[in-house]
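Single-letter residue listing:
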Amino acid sequence: MTELQIVTLPDEGLRKKARPVTKFDDDLQTLIDNMIETMRTANGVGLAAPQIGQSLQLAVIETLPKEDENGEDIPNSRELFVIVNPRIVWESREVIDGIEGCLSIPGYVGEVERAYAVRVRAQDRRGKPLKLRLKGWTARIFQHEIDHLDGVLYIDKLTDREKFWTDEEYYNMRQEELEAEDAEENVDETAVPENRD
Ligand code: CO
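Residue numbers restart at each chain and count upward from 1, following the sequence in its written direction. Only residues with pLDDT of 70 or above have their local features reported here, since the model is predicted, and side-chain atom pairs are shown and tallied only from 80 upward, although totals for entire chains, interfaces and linings are computed over all residues.

S.K.: Before we go on, may I ask you to explain unusual backbone geometry in this structure?
M.R.: Most peptide bonds take the trans configuration, and most residues that are not glycine carry a negative phi. Residue Pro 10 is bonded to the preceding Leu 9 through a cis peptide linkage, with omega at 5°. The phi angle at Asn 76 is positive, at roughly 55°, despite the residue not being glycine. Along the chain, Asn 76 falls in the loop between strand 2 (58-62) and strand 3 (80-91). To assign burial, the other C-beta atoms lying within 10 Å of each residue's own C-beta are counted, with C-beta atoms placed from the backbone; 20 or more indicates buried, 12 or fewer indicates exposed, and intermediate counts indicate partly exposed. For Asn 76, a count of 8 C-beta atoms within 10 Å puts it in the exposed group. A positive phi is found at Asn 85, a non-glycine position, where the angle reads about 50°. By definition, any uninterrupted DSSP run of H or I lasting at least four residues is a helix, any uninterrupted run of E lasting at least two residues is a strand, and each is numbered from the N terminus.

S.K.: How should I be thinking about the sheet that holds strand 7 (residues 129-135) in this particular structure?
M.R.: Paired through backbone hydrogen bonds, the strands of a sheet run either parallel or antiparallel to each other. Strands sit in the order 1-2-3-6-7 across an open sheet of five strands; the sheet is antiparallel. Pairing within the sheet leaves two strands with one partner each, and these edge strands are strand 1 (46-48) and strand 7. Direction aside, neighbouring strands of the sheet carry axes that sit 40° apart on average. As judged from the three bridges shared by strand 1 and strand 2, these two strands associate in the antiparallel manner. Looking across to strand 2, one finds that Ala 48 is bridged to Ala 59. Strands qualify as paired when DSSP identifies two bridges or more between them. Note on method: axes are straight lines fitted to C-alpha atoms, helices fitted across the in-contact stretch only, with angles between N-to-C directions ranging 0 to 180 degrees.

S.K.: So what exactly am I meant to see when it comes to the nonpolar core here?
M.R.: Note on soluble globular proteins: their nonpolar side chains tend to be buried together. To count as a nonpolar core, a set of buried Ala, Val, Leu, Ile, Met, Phe, Trp, Tyr and Cys residues must be joined through C-beta atoms within 7 Å. Counting 26 residues, the largest nonpolar core has Met 35, Leu 47, Ala 59, Ile 61, Ile 83 and Phe 142 as its most contacted members. Considering each element in turn, this core owes the most residues, five residues, to helix 2 (residues 136-149).

S.K.: I tried to follow the domain arrangement of the protein on my own but got confused; where do I start?
M.R.: A common way to state how big an interface is: give the accessible area lost once the parts meet. Where each domain begins and ends follows an automated or database-derived domain assignment. Here the protein is partitioned into domain 1 (12-66 + 77-160) and domain 2 (167-191). On a C-alpha basis, the centres of domain 1 and domain 2 stand 33 Å from each other.

S.K.: Help me out: how do you make sense of the pairing of strand 2 in this one?
M.R.: Two faces belong to every sheet, and in a regular strand the side chains alternate between them. The buried count for strand 2 comes to four of five residues, which makes it a mostly enclosed element. By the bridge criterion, five bridges tie strand 2 to strand 3 in an arrangement that is antiparallel. Bridging from a neighbouring strand, Val 60 pairs with Val 82 of strand 3.

S.K.: Would you mind showing me how to read helix 1 (residues 26-41) here?
M.R.: Owing to its 3.6 residues per turn, the α-helix brings residues three or four apart onto one side. For helix 1, spanning 16 residues, the distance from its first C-alpha to its last is 23 Å, which sits close to the expected 22 Å at 1.5 Å a residue. Where helix 1 is concerned, the buried positions are Leu 31, Met 35, Thr 38 and Met 39. All buried residues of helix 1 lie within an arc of 95° about the axis, which places them on one face of the element. Facing away from the buried side of helix 1 by more than 90 degrees, the exposed set consists of Asp 26, Thr 30 and Thr 41. The contact criterion used here is simple: two residues whose C-beta atoms, placed from the backbone, lie within 7 Å are in contact. The inward-facing, buried residues of helix 1 abut strand 1 and strand 2. Directly after helix 1, the chain includes Asn 43, whose backbone phi takes a positive value near 55°. Given a helix with a known number of residues, its expected span is that number minus one, times 1.5 Å. Each C-beta atom gives one direction from the helix axis, and the arc is the one those directions make.

See below:
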């Protein structure tokens, strides 16, 4: 397998609508395997063909590990999807804000509102029809990757222009928030009167 070069902004291919996949041949299978390897090497949860310079309606997605009751990752619980010629056929009215990054916009993250749940129709790597129901983070990743196939990037959809940070800014902000939460908890504990009636 070959690791592919991930293109970054301002690459023009990232802004074009990708062409449908019509041939499910050996070349496509090799491309898909290489995209999976490239996504994993880059520690990504998704990679769309325009991100490796191919104008094709194709993306690979690997979900985050599921967690047990103690918040520990369950081994081998990541789920791999290959979607070809996908379209979102339904999205929930319920929306949710979340923080996204993109392998084609390295070093930044931003807040984006997405549908909480979506239904997707696509083809698998051999061309067989797929119907998927997705929710939560997995639904978010699908929406992000399918946007790539339309030339749309998450920075087009920020909830607020201010809600866009460098990785470092975001990390520091989160640290401060966590510290503030800790401080608040401590205050609350000491603020409880000893005799309440
Ligand atoms: Co992306």
